[in-house]
Amino acid sequence: MATVELRFSAQPEHVRTARLVAAAVARRAGVDEAVLDEVRLAVGEACSRAVGLHRNHGITAPVKVVLTEEEKSFSIEVGDEVPVPGGEAGAAEASGAGPGQPDTETDADSEDEMGLAVISGLVDDVEVRSGTDGGVIRMSWPKTPATLHP
């Protein structure tokens, strides 16, 4: 299992670099060429979201991206260090009003939800976790089976 880890300061200009690295590592891992644009877009959206969360909450820690090649899949985890008060919570629970509560969404919350919706539309296998240590978006894609050449 090969792993590449990338950490970058929460600056929007570094998101492009993360996208390029993710696409290059995905290609080398054997992800289908037709899917590489989805990988680039999803990583860009996840990294932009993490950068925005860090900047909105005054967090100076770097954004962390972990790219992992497994036997049959390739996965990317984008982590932020923005804690969700009250322990573990799902993305929907952490970002919006519940039934019977007033909707007090800010522009940042709307942008966050839009980013998650875009990622979910691009990636079939996506998981969003949030907790007191921060959040992680885990995305994975199948690898193209190696073809034998005569």
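Given the structure is predicted, the values throughout are model-derived calculations rather than measurements.

Let us now look at the side chain of Arg138. Tracing the sequence through the fold places Arg138 in strand β5 (residues 134–142). Side-chain polar atoms of Arg138 contact the side chain of Glu70, separated by 3.5 Å. Only 3.5 Å separates the side chain of Arg138 from the side chain of Ser75, close enough to count as a polar contact. Discounting residues that sit within four places of it in the chain, Arg138 has contacts with Glu70, Ser75, Ile76, Glu77, Asp125, Val126, Glu127 and Arg129.

In this section: the environment of Ser140. By the element assignment, Ser140 lies in strand β5. A distance of 2.5 Å separates polar atoms of two side chains, one belonging to Ser140 and the other to Asp125.

On to the pattern of salt bridges. According to the stated counting rule, one finds eight salt bridges in the structure shown. Here Arg7 makes a salt bridge to Glu5, at a shortest N to O gap of 3.0 Å. Note that Arg129 is salt-bridged to Glu127, the shortest N-O span being 3.3 Å. Judged by its relative accessible area of 33%, Arg129 falls in the partly exposed class. A single salt-bridge network, built from bridges that share partners, covers Glu70, Glu77 and Arg138.

What follows deals with the confidence of the model for the protein chain. Mean pLDDT for the protein chain: 84, with 81% of residues reaching 70 or above. Helix α3 (residues 91–95) is the least confidently modelled element of the protein chain, averaging 37 in pLDDT, while strand β2 (residues 63–69) averages 97, the highest of any element. Across residues 88–105 the pLDDT falls below 50, and counting only partners more than four positions away or on other chains, this stretch makes 17 contacts in the model.

This part is about the sheet that holds strand β4 (residues 125–131). Pairing is antiparallel across the open sheet formed by five strands, whose spatial order is β1-β2-β3-β5-β4. In the strand order of this sheet, the two ends are held by β1 (2–8) and β4, each with one partner. Put simply, the sheet's adjacent strands are angled 15° from each other on average, direction ignored. Relative to strand β3 (residues 73–80), β2 is paired through six bridges, and the arrangement is antiparallel. The residue of β3 that forms the bridge with Val66 is Glu77.

The rules behind these values
Residues numbered from 1 in each chain as written. Predicted model: local features only at pLDDT ≥ 70, side-chain atom pairs only at ≥ 80, totals over all residues. Heavy atoms only, no water. Helix = DSSP H or I, 4+ residues; strand = E, 2+ residues; numbered from the N terminus. Polar contact = N/O pair within 3.5 Å; in protein donor to acceptor, adjacent residues only side chain to side chain. Contact = heavy atoms within 4.5 Å. Salt bridge = Lys/Arg side-chain N within 4 Å of Asp/Glu carboxyl O. Buried < 20%, exposed > 50% of the residue type's maximum accessible area, 1.4 Å probe, protein only. pLDDT = per-residue confidence, 0-100. Pairing = 2+ DSSP bridges. Axes fitted to C-alpha atoms, helices over the stretch in contact; angles between N-to-C directions.

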